[in-house]
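# Structure at a glance
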Amino acid sequence: MLDAVLAAGEPTQAGIAAATGLAPATVSNIVRDLCREGRLTASTAVRGGRRVRAVRLTPLPGVVAGVDFGHRHVRVGIAGAAATGPVEDDGATRLLAERGADLAEGHDAAVGLDAAVALLDEALAAAGTARAELLAVGIGLPAPVDARTGAVGEPGILPGWVGIRPATVAAERFDAPVVVDNDALLGTLAEQAWGALRGIEDGLYLKLSDGVGAGLVLGGRPYRGRSGTAGELGHVVVDDSGGPPGGAVCRCGNRGCLETWASTATVVGLLEPLLGAPLTVDEVVARARGGHAPSRRVLADTGEHVGRALGGLCSILTPARIVVGGELAQAEELLLDPLRGALERWALPGAADGVEVTTARLGRHAHVLGAVALALDHVLATQL
C-alpha cells in the first residue's frame, strides 16, 4: 500500500483500493494504522467538486539538495523534504535557497565537485539549515550515466567526467547519499512533478542547450531504457545538406547529428561571423525579436531540424505533449512555430495529430528542481 501511495503522490483511499485491489474497509484500517505510526498523513481534499480523504507519505524532517552541472556552470538548490505539490510560478518558490557559479569549459570532476560543495554550504546557510539535516543529494549531468555501472559515459559535453562514478565520489564530498542522472531526464522529472508534464501519461522533455537531450515519459513513468541512457535525441542523424559529405562531424563520431544543427554553439556560431562579435543566446533571441532577419532565420532553421528529429520519434511513441527547455527555449514561438511545421511534415500521417508542443514551465530552475525531485524520490524510497 505504501508503494501505491508513493506512485500516486496523494491518492484518495478509494484510489488506493482501486490500485491495490484491497477492499475499501481494509484500506481504511491500514491507513488508520499507518497514520498512527506516523508513516502516512491523511487530510481532507476537494476532488471533482466533492470532499474526499487523501493520504500521502509523511515526509522525514530535513532537507534535500539538487545539483545541476552544465557545460559552463553549476547550480545548487535546497528544498524541504516535504517539497510536493504544483509549483505556482517559475519554480523559485519550491527552493529554500539557490546558488550558482560559472565553470571553465572542459572542467574535470574534481573542480566541479569543489565548486558544488562550496555552493552547497552557502545554500544551506541561506536556508537556515545545517549539513547534518541533509537527507540526500540529486545530481544532474549533461552526459549519459550508465545505470549498470554508475559511470559517466560518452558522448557528453563534460569530457573531464568520463569514466567517473559520480554518485560514489560525490557521496564522500557531500557526506550524504547521492543519486545521479542525465540532466534532460531530470528536467523531465521536474516538469512531471511540478510543471508542464504533470498528469501526462506519454510525453517528452527536450533540452536544447550546449547539448541536445530528451527525457521520455511512458505510461506515466520516466523511461530510462536498459542502460539508463535512453533519450539521446541529439545524436539522431537529421540532415546532411550544406556541409561535408554526410554532414558535420559530431563529438559522438557520427556526421549530421541533430546536435550539430541545433545546439547553442551552432546558433551563435552561425551569426558571430556575420556580426563580427561574440554573441550569447539571449542576444540572438533579442535581435530576432527586434526583427533581425539572420537571427530569425537561424532560429527557424534550428526549429525545423529539431522538428524533423521529433517527427520520427512521434511516429514511434505518439506522445501527447512535447516540452522544450534549455537555453534555446527562450526563443519561444520563433523556434516552436517552425518546429511544429517540421514535426507535422516528418511524422507519420496521424502520428503528430493532437501533439501539443510547448515550452518548459519551470524555466531555468527545471534542472536543479529535477535534481531535487531525484533526491526526494530517494528519500521516499528509503522510507519504504
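Keep in mind that this is a model prediction, so the values were computed, not measured.

## Some points on the overall build of the chain
- A tally of regular secondary structure across the chain gives 12 helices and 12 strands.
- A globule of 384 residues ought to have a C-alpha radius of gyration of about 21 Å, and the chain, at 22 Å, matches this closely.
- The principal-axis extent of the C-alpha atoms belonging to the chain is close to 70 × 50 × 40 Å.
- Relative to its 384 residues, the chain shows a buried fraction of 48%.
- When contacts within the chain are restricted to residue pairs at least 6 apart in sequence, those whose partners lie at least 24 apart make up 65%.

## Digging into the confidence of the model for the chain
- With 94% of its residues at a pLDDT of 70 or more, the chain has an overall mean of 88.
- When pLDDT is averaged over each element of the chain, strand S11 (residues 321-325) comes out on top at 96 and helix H1 (residues 2-8) at the bottom at 79.

## Some thoughts on the state of the cysteines
- Under the criterion given, the structure shown has 0 disulfides.
- Of the cysteine sulfurs around Cys 250, a residue in no disulfide, the closest is that of Cys 252, at 3.8 Å.
- Its relative accessible area of 6% is what places Cys 250 among the buried residues.
- Of the cysteine sulfurs around Cys 257, a residue in no disulfide, the closest is that of Cys 252, at 3.6 Å.

## Looking at the layout of surface pockets
- Roughly 730 Å³ of internal volume is contained in the second largest pocket.
- For the second largest pocket, the lining is made up of 41 residues, of which His 73, Lys 207, Ser 209, Gly 326 and Glu 327 are closest to its centre.
- Of all the secondary structure elements, the ones that give two or more residues to the lining of the second largest pocket are strand S4 (73-80), strand S5 (97-102), helix H6 (183-194), strand S9 (212-218) and S11.
- Residue composition of the lining of the second largest pocket, by class: 13 nonpolar, 16 polar and 12 charged.

## Brief notes about the sheet that holds strand S3 (residues 63-69)
- One open sheet accounts for 5 strands, arranged S5-S4-S3-S6-S7; its pairing is mixed. The open sheet has two free edges, formed respectively by S5 and strand S7 (178-182), since each of these has just one partner strand. Strand-to-strand twist across the sheet, computed as the mean angle between neighbouring axes with direction ignored, equals 15°.
- Alignment of S3 against S4, held across 7 bridges, turns out to be antiparallel. Considered in S4, the bridge of Val 64 is made with Ala 79.
- Strands in contact with helix H4 (residues 109-126) are S3, S4, S5 and strand S6 (134-141); relative to S4, the strand with the most contacts, it is inclined by about 35°.
- Docked against the sheet, H6 engages S6 and S7, running at close to 100° with respect to S7.

## Describing the pattern of salt bridges
- Throughout the structure, instances matching the rule amount to 15 salt bridges.
- Linking Glu 259 and Arg 251 is a salt bridge whose minimum nitrogen-to-oxygen distance equals 2.5 Å.
- Judged by its relative accessible area of 7%, Glu 259 is buried.

## Here's the deal with helix H8 (residues 264-275)
- Taking 1.5 Å as the rise per residue, H8 with 12 residues should run 16 Å; its terminal C-alpha atoms sit 16 Å apart, in good agreement.
- When H8 is considered as a whole, its buried residues turn out to be Thr 264, Thr 266, Val 267, Val 268 and Leu 271.
- Elements that come into contact with the buried residues of H8 comprise helix H7 (259-262), helix H9 (281-289) and helix H10 (293-317).
- Two residues or fewer after H8 comes Gly 276, characterised by a positive phi angle close to 70°.

## Considering empty space enclosed by the protein
- For the structure shown, the criterion picks out 2 cavities of 30 Å³ or more.
- Considering the residues around the largest cavity, the lining is formed by Pro 144, Asp 181, Asn 182, Leu 185, Ala 214, Arg 224, Gly 228, Thr 229, Ala 230 and Glu 232.
- What the second largest cavity holds in volume is close to 40 Å³.
- Those elements that place two or more of their residues in the lining of the second largest cavity are strand S8 (203-208), S9 and H10.
- Here the residues of the lining of the second largest cavity are counted per class, giving 7 nonpolar, 2 polar and 1 charged.

What counts as what
Residues numbered from 1 in each chain as written. Predicted model: local features only at pLDDT ≥ 70, side-chain atom pairs only at ≥ 80, totals over all residues. Heavy atoms only, no water. Helix = DSSP H or I, 4+ residues; strand = E, 2+ residues; numbered from the N terminus. Rg over C-alpha atoms; globule rule 2.2 N^0.38 Å. Buried < 20%, exposed > 50% of the residue type's maximum accessible area, 1.4 Å probe, protein only. Contact = heavy atoms within 4.5 Å. pLDDT = per-residue confidence, 0-100. Disulfide = S-S within 2.5 Å. 1 Å grid on protein atoms, 1.4 Å probe; cavity = no way out; pocket = protein on both sides within 12 Å on 5 of 7 lines; lining within 4 Å. Points joined across faces, edges and corners; volume = space filled by probe spheres on them. Nonpolar A, V, L, I, M, F, W, Y, C, P; charged D, E, K, R; others polar. Pairing = 2+ DSSP bridges. Axes fitted to C-alpha atoms, helices over the stretch in contact; angles between N-to-C directions. Salt bridge = Lys/Arg side-chain N within 4 Å of Asp/Glu carboxyl O. Expected span 1.5 Å × (residues − 1).

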